[in-house]
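# Fold and geometry: a report
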Amino acid sequence: MTNSNSFNIAVFPGDGIGEEITTPCVEILQEAISKVGGFSASFDWLPAGAGHYRDSGQSLPKDSMAKAAKSDAILLAAMGLPDIRYPDGTEISPQIDLRFEFGLYAGVRPVRTIPGLAPVLNNPQAHALDFVIIRESTEGLFASHGKGTVTDDAEARDTLLITRDVSERLFDFSLNLGRKRKNQGSSGVVTCVDKANVFKSFAFFRKVFDERAALNTDVATDHMYVDAAALNMVRRPWDLDVLVTENMFGDILSDLGAGLIGGMGFAPSADIGDEHAVFQPCHGSAPDIAGKKLANPTAMFLSGAMMLEWLGDKHGCPEAEKAGAMVRTAVDAAFANGDLVTGELGGKAGTTEVSRAVMHALKELDPARHSAG
């Protein structure tokens, strides 16, 4: 960790398309930092992932973990390759190891439409979505990661875990986000998404949520079963603001959210704990297009923007918050006229075209006229 205006970023390019979207992302972040001024950042590229496991027998080297622990934030592109697995058949996923190691309980998954993209839903109200899914990222069904059992090739078990300690911090984080969004003009309603009508674990999850909500009466709250949440994300997504849920439910709903805004290539994310945070696009390593410059780097750029804003908020550095907001504005400007169409939307714009367009838009922005997000 360093002082409030000089940050060290641990960078994990990982596997597949990872390096080809990380390079332009770092360049764009450096441009934003340079334009705003008042703070600096260094980027330390570190090895990890399925390819590294194949070559060295280590998916997340101790040295990489140690450097990440000392960093101010972690920027991660994509990890995992379907053909490279641990002996038990599971995929290489150091990103999950980082969540457990650093206690990154709050998985923040923004669902925000970008101007100029072809709308996914026909209703005009769905053309300007802006809500957030908070996925608990260290417990739930994922608590069984690497611990599940298979008995006599006849029965398999993975145990779901909900604890009061993590749930309280998760809900406090979500309620605070709802408060911030309310102050910025959103409804600020925080909805607990669960299956409390069927499982004791989720009844407990809801009970703890209600207890924390009672301590934050300035924030409006609601409840929704996960199946109803999936329905309403398609039927009336513009009514949603902050959804907080268990790990596996959040994993599924956040992909549905990405579908509402054009695909995984536009979906950024953050996994945040009390001291550390990892920022990465929601998509995977896409080995089928690796090296072809076809990957959409937008989610990586937006994850970088989230990182700068988090650093600014955590360390009291408004310049970092402004730089992050400028990156997001540049992304919006690059797509605004509808001419930049990526592969998943039927166009031909790949990594190079999107990167150039966002960089050009960023260079055109005037920091003096741009406030922090």
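Another aspect to go through is the sheet that holds strand β2 (residues 40–45). Spatial ordering of the open sheet is given by β2-β1-β3-β12-β11-β4-β5-β10-β8-β9, a layout of ten strands whose pairing is mixed. Bordering the open sheet on either side are β2 and β9 (221–225), each of which pairs with just one other strand. Ignoring strand direction, the axes of neighbouring strands in this sheet form an average angle of 25°.

Another point: unusual backbone geometry. If you check the backbone angles, Ala286 has positive phi at about 45° while not being a glycine. By the element assignment, Ala286 lies in the loop between β12 (277–281) and α9 (298–315). Among the residues examined, Ala286 registers a relative accessible area of 22% and is labelled partly exposed. For Lys293, which is not a glycine, the phi torsion comes out positive at approximately 60°. With respect to the helices and strands, the residue Lys293 is situated in the loop between β12 and α9.

Evaluation of the coordinates by the stated rule reveals one cavity of 30 Å³ or more. Within this model, the largest cavity holds a volume of roughly 40 Å³. If you go around the largest cavity, the residues you meet are Arg109, Pro110, Val111, Ser254, Gly257, Ala258, Ala267, Pro268 and Cys282. Those elements that provide at least two residues to the lining of the largest cavity are β4 (106–112) and α8 (247–260). Its residues assigned to classes, the lining of the largest cavity comprises six nonpolar, two polar and one charged.

By the element assignment, Asn122 lies in the loop between β4 and β5 (130–136). Sequence spacing of Asn122 and Glu364 is 242 residues, and the spatial spacing of their C-alpha atoms is 32 Å.

Right, let's get into the pairing of β12. In terms of burial, β12 is a largely internal element, five of the five residues being buried. Here β12 shows no split at all, with Ala277, Phe279 and Pro281 on one side and Val278 and Gln280 on the other all buried. The sheet contact formed by strand β3 (residues 73–78) and β12 spans two bridges and is parallel. If you follow Ile74 over to β12, its bridge partner there is Val278. As paired elements, strand β11 (residues 268–272) and β12 share five bridges and run antiparallel to each other. Among the inter-strand pairings, Ile272 is bridged to a residue of β12, identified as Ala277. Where β11 folds back onto β12 in an antiparallel hairpin, the turn is made up of four residues.

According to the stated counting rule, one finds nine aromatic pairs in the structure shown. Cluster of aromatic residues (ring-pair linked, three or more members): Phe171, Phe199, Phe202, Phe205, Phe209 and Phe249. Here Arg135 stacks its cationic end above the ring of Phe142, 4.9 Å away from the centre of that ring.

With that settled, consider the nonpolar core. Core analysis: the biggest nonpolar cluster contains 89 residues, and Ile9, Leu75, Phe131, Ile134, Phe279, Met307 and Phe335 have the highest contact counts within it. The element contributing the most residues to this core is α9, with nine residues. Sequence-distant contacts of Phe335, defined by excluding residues within four places in its chain, comprise Ile114, Pro115, Gly116, Leu117, Phe266, Thr298, Leu340, Thr342 and Val354. The next biggest cluster of nonpolar side chains, apart from the first, holds 14 residues, and it includes Ala48, Leu60, Met65 and Leu76.

About the cut-offs
All chains use their own residue numbering, which begins from 1 and follows the written sequence. This being a predicted model, a pLDDT of at least 70 is required before a residue's local features are given, and a value of 80 or more before pairs of side-chain atoms are given or counted; all residues contribute to the totals for chains, interfaces and linings. Only hydrogens and water are set aside; all other atoms, that is, all heavy atoms of the structure, feed into the side-chain values. When DSSP finds two or more bridges between two strands, those strands count as paired. Helix and strand definitions here come from DSSP, where helices need a minimum of 4 consecutive H or I residues and strands a minimum of 2 consecutive E residues; each element is numbered from the N-terminal end. To obtain an axis, a line is fitted to C-alpha atoms, over the contacting stretch when the element is a helix, and the angle between two such axes runs from 0 to 180 degrees between their N-to-C directions. Working definition: with a 1.4 Å probe on protein chains only, accessible area under 20% of the residue-type maximum means buried, over 50% means exposed, and in between means partly exposed. Two kinds of site are reported from a 1 Å grid over the protein atoms alone, namely cavities, where a 1.4 Å probe fits but cannot get out, and pockets, open sets with protein on both sides within 12 Å along at least five of seven lines, and residues are called lining when an atom falls within 4 Å of a point. Grid points are joined across faces, edges and corners, and a volume is the space filled by probe spheres set on the points. When residues are grouped by polarity, Ala, Val, Leu, Ile, Met, Phe, Trp, Tyr, Cys and Pro land in nonpolar, Asp, Glu, Lys and Arg in charged, and all others, Gly among them, in polar. Side-chain rings of Phe, Tyr and Trp, where Trp is taken by its six-membered ring, are said to pair if the distance between their centres is within 6.5 Å; with planes under 30 degrees apart they count as stacked, over 60 as edge-to-face, and otherwise as tilted. Two conditions define a charge located above a ring, namely a distance within 6 Å from the ring centre to NZ of Lys or CZ of Arg, and an angle within 35 degrees of the ring normal. Nonpolar core, defined: a set of buried Ala, Val, Leu, Ile, Met, Phe, Trp, Tyr and Cys residues in which side-chain atoms within 4.5 Å join the residues together. Contacts were defined at the residue level, with two residues in contact if any of their heavy atoms lie within 4.5 Å.

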